[in-house]
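Observations on chain architecture
The chain contents come next:
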Amino acid sequence: MPNVLAILEQRGGNIKRVSHEVLTAARVLADGMGGGVDGLVVGGPGVATEGLGAFGADKVLVASDASLTNYQADRYAAIAADQVRAGSYAAALVSATALGKDLAPRLAARLACPFASDVTAVKYNGGITVTRPLYAGKANTTLKILASPCVISVRSNAVTPVANAKPGTVESVAVSAGEPRARTVEIKQPERVALDVAEASIIVSGGRGLKGPEHFALIEDLANALGGAVGASRAVVDAGWRPHAEQVGQTGKTVSPNLYVAIGISGAIQHLAGMRTAKTIVAVNKDPDAPIFKVADYGIVGDLFEVVPKLTEEIKKARDG
Amino acid sequence: MKIAVCVKRVPDSEARIKIDASGKAIDEGGVKFVLNPYEEFAVEEALKLNEAAGSGEVVVISVGNDASQETIRTALAMGADRGVLLKTEHVPLDPLPVAKVLAAELADGGYDLVLFGKLAIDDYSHGIGPMVAELLELPCVSAISKLEVSGDKGKAEREIEGGVEVVEFPLPAVLTADKGLNEPRYPALRGIMLAKKKPLEVKDVTLEAAGLEMLSLSYPPERKAGRIVGEGAAAVPALVEALKNEAKVL
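Residues numbered from 1 in each chain as written. Chains lettered and ligands numbered in written order. Predicted model: local features only at pLDDT ≥ 70, side-chain atom pairs only at ≥ 80, totals over all residues.

Residues and elements named next belong to chain A. Where burial is concerned, most of strand E6 (residues 91–95) is hidden: five out of the five residues are buried. Neither face of E6 is exposed, since Ala91, Leu93 and Ser95 on one face and Ala92 and Val94 on the opposite face are all buried. Across four bridges, strand E1 (residues 4–8) lies against E6 in parallel orientation. Looking across to E6, one finds that Leu5 is bridged to Ala92. The pairing of E6 with strand E11 (residues 150–154) spans five bridges and is classified as parallel. Pairing of Ser95 across the sheet is with Val154, part of E11. (Buried ≥ 20, exposed ≤ 12 C-beta atoms within 10 Å, placed from the backbone. Helix = DSSP H or I, 4+ residues; strand = E, 2+ residues; numbered from the N terminus. Pairing = 2+ DSSP bridges.)

Along the chain, Ser148 of chain A connects to Pro149 of chain A via a cis peptide bond; the corresponding omega equals 0°. Its place among the elements puts Pro149 of chain A in the loop between strand E10 (139–145) and E11. With an omega dihedral of -5°, the bond running from Leu171 of chain B to Pro172 of chain B counts as a cis peptide bond. With respect to the helices, strands and loops of the structure, Pro172 of chain B is situated in the loop between strand E9 (163–170) and strand E10 (173–177). Even without glycine at this site, Tyr135 of chain A takes up a positive phi of about 50°. Structurally, the position occupied by Tyr135 of chain A is in the loop between strand E9 (128–134) and E10. Classification of Tyr135 of chain A as buried rests on a count of 24 C-beta atoms within 10 Å. The phi dihedral of Lys248 of chain B falls on the positive side, at around 50°, and the residue is not glycine.

All names here are of chain A. With respect to the helices, strands and loops of the structure, Gly100 is situated in helix H3 (residues 98–111). Along the primary structure Gly100 and Arg110 are separated by ten residues, whereas in three dimensions their C-alpha atoms are 15 Å apart. Setting aside its immediate chain neighbours within four residues, Gly100 contacts Glu9, Val94, Ser95 and Ser153. (Contact = placed C-beta atoms within 7 Å.)

Across the nine residues of helix H4 (residues 128–136) of chain B, nine count as buried, placing the element largely inside the fold. Those residues of H4 of chain B that sit buried are Ile128, Gly129, Pro130, Met131, Val132, Ala133, Glu134, Leu135 and Leu136 of chain B. Those residues of H4 of chain B that are buried are in contact with H3 of chain A together with helix H3 (95–107), strand E6 (113–117), strand E7 (140–150) and E10 of chain B. Immediately downstream of H4 of chain B, the backbone of Glu137 of chain B shows phi near 55°, a positive value.

What follows deals with the nonpolar core. Val4, Ala6, Ala80, Ala92 and Leu93 of chain A together with Val5 and Val132 of chain B are the most contacted members of the largest nonpolar core, which has 189 residues in total. Dropping the residues within four chain positions of it, Val5 of chain B is found in contact with Glu39, Ala42, Val43, Ala46, Val58, Val60, Ala75, Ala80 and Leu115 of chain B. (Core = buried A, V, L, I, M, F, W, Y, C linked by C-beta atoms within 7 Å.)

Moving on: the sheet that holds E11 of chain A. Residue and element names in this part refer to chain A. Taken in spatial order, the seven strands line up as E7-E11-E6-E1-E4-E5-E12 in an open sheet, and their pairing is parallel. Looking at which strands have only one partner, the edges of the open sheet turn out to be strand E7 (115–119) and strand E12 (169–172). Mean inter-strand twist for the sheet, computed between neighbouring axes without regard to direction, equals 20°. Pairing of E1 with strand E4 (residues 37–43) involves five bridges; the strand directions are parallel. By the bridge assignment, Leu8 is partnered in E4 with Val41. (Axes fitted to C-alpha atoms, helices over the stretch in contact; angles between N-to-C directions.)

What follows is the structure in structure tokens.
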């Protein structure tokens, strides 16, 4: 029976939320094929594997070793390839995070199989098809995968995790030894860990309308009130006001949050391409003709320096109440 | 150092995309094509490394049709030494066949470093660089925003969600460039003139059959029309009300 492997991501021993999305996508394929879903966790000793059955894992394979605590690309890829071969999986799915974007193509090369990257939906109807954006969301394509196995990376926030109780039996698997060709020696954490726009379900982005980097405190305050991440337009990143990790758009990150708030962003094509799949979009801009209002669900025309502090205050009230 | 930079011709990020009559490709008429922005960082890094060393060669390689010669010339105008076009009329979305022809070209090239952009802004596939590294069995660090090379060793940083991974590797190696690695130079007029005379070799290649077949290409669904809630700070309560009770996102 064809089974599907969901490669799950852990950080510091905790399974990341995106892994539930990958399990849900894997379940869609497995249910179509009449097969099962196995999760694979690679990491250091003591990864918390409880609760994965709740999202559809029949089995959870754990490859653990102290040398695997941090992502070691070559070794993770070798372990995943061994598992795909040993279990004759029809497909291996991984989240298109920083780790998954690196791991997935390596795995596909090792398995000499097709690789569909950054997909937003998967389907099985006699064969596997995937949907993915092209040109950063200016077009969508549906692709049929012509060979088995295959590797698929799934965009964060594109699939809503669905509870689907399965046994989630945990099994240890052998870890192949070997030296990585390149070695992760350190993970630097910033002093204040900021929520990443690629993972956030709420994003507040600022653009050139803020007039200077010092005014981004307004954006940070609103993001804090909402429990969201701070994003930025290309213009302000190129001007050096904000780090490029915050850039949303075709040459930054493409995001699909629940709520996207664009402050002082006019809405260049490349920016819209990066955020138009957000579920709800709010725009604040002084120009009533700004293109951002064409994609926004709710807009306020006005001076952001008056609107944003008021908005932050009202959001705090709404959340407390 | 001998450095290869693999580049792709892509529609400019400000270009509007129109689907052509076949329904499975875009209409290239009127679309401005550019060197993939992430590969500008790769070209810049290669030039900087060799300028610091005072010697070396930068070879620009692309898989594509004849129009990709112009893309290669852009990189030559920035300062790269020569170009190679691996010519094929169709570049599939499945990255493996593309990675294979690149790996075959690179295998015996004696390169110390092979650089890519972290992704191409047309297909957003992040696969080619790490795949080529796997095929060549070379160390690889993807999406790097900082690089130090000394002798036959390198150290790179790559941004991950909420942190930075520091990775050490021996040369030769494959690296893919993220924004933040450097500030790419603009080709100067002199560079553009010189680029016209630099060698650009065209080799016909045959790609293996792709493992992905495009069934359809479509425009994203239109967002349903939104509304302007009001003007100025006075409109804020109505907005919060709508977010809470209509959109239910608070």
